[in-house]
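Report on the structure
The residues making up each chain are set out below.
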Amino acid sequence: MRKQKMVYVIRRDPEYKGREITAKRELSFGIQLASRLFLDQLSFEFNKDRLDEEINEAIDNNDREAFERLSLQYQPYTWE
């Protein structure tokens, strides 16, 4: 397994005035990509579940206008 290269970024506060400079290690691309994909999946599932509940509520209340509006919003989630 290859050794990961560590990249440090030195950030200097505009009000430096002789204080210490801290170096922060940036996250690797793989970790950034995995976390982005995980957050995207969580938000997708949350929004889909919320729309499911609102559609079911519109059906229970016999609200045809709300059902049609919500079903149009739900269409992109049917491409699973």
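Scope of this entry: the structure provided in the associated data block.

Quick notes on the rules
Throughout, residues of each chain are indexed from 1 in the direction in which the sequence is written. pLDDT decides what is reported in this predicted model: residues at 70 or higher carry local features, side-chain atom pairs at 80 or more are listed and counted, and totals for whole chains, interfaces and linings draw on all residues regardless. The side-chain figures draw on all heavy atoms in the structure; neither hydrogens nor water molecules are used. Secondary structure elements follow DSSP: runs of H or I of four or more residues count as helices, runs of E of two or more count as strands, with numbering from the N terminus. Note on exposure labels: buried denotes an accessible area under 20% of the residue type's maximum, exposed denotes more than 50%, and partly exposed covers the range between, all computed with a 1.4 Å probe on protein chains only. Two residues form a contact once any of their heavy atoms are found within 4.5 Å. Only the protein chains shown count as covering a residue, and every accessible area follows the Shrake-Rupley method with a 1.4 Å probe. To form a nonpolar core, buried Ala, Val, Leu, Ile, Met, Phe, Trp, Tyr and Cys residues must be joined to one another through side-chain atoms within 4.5 Å. Criterion for a salt bridge: a side-chain nitrogen of Lys or Arg within 4 Å of a carboxyl oxygen of Asp or Glu.

So, about the overall build of the protein. A tally of helices and strands in the protein yields two helices and two strands. Helices and strands appear in the protein in the N-to-C order β-β-α-α. Residues counted as buried form 10% of the 80 residues belonging to the protein. Contacts in the protein between residues at least 24 apart in sequence constitute 20% of all its contacts with a sequence separation of at least 6. For the protein, the computed accessible surface area is about 7900 Å², with 53% contributed by carbon and sulfur atoms.

Before going further, it helps to spend a moment on the nonpolar core. Side chains of a nonpolar character, in soluble globular proteins, are inclined to be buried together. With five residues, the main nonpolar core is built from Leu51, Ile55, Leu70, Tyr74 and Tyr77. Of all the elements in the fold, those that place two or more residues in this core are helix 1 (29-60) and helix 2 (64-74). Apart from residues lying up to four places away in sequence, leucine 51 is in contact with Leu70, Gln73, Tyr74 and Tyr77.

What follows is about the pattern of salt bridges. One pass over the structure, following the stated rule, counts two salt bridges. Here arginine 50 ties to glutamate 54 by a salt bridge, and the two come within 3.3 Å at their closest N and O atoms. On the criterion of helical spacing, the pair formed by arginine 50 and glutamate 54 is a turn pair, its members being four residues apart in helix 1. On the basis of relative accessible area, arginine 50 is assigned to the partly exposed category, the value being 34%. Its salt-bridge partner being glutamate 68, residue arginine 64 comes within 3.2 Å of it at the nearest N-O pair. Placement of the pair is arginine 64 and glutamate 68 together in helix 2, with a separation of four residues, close to one helical turn.

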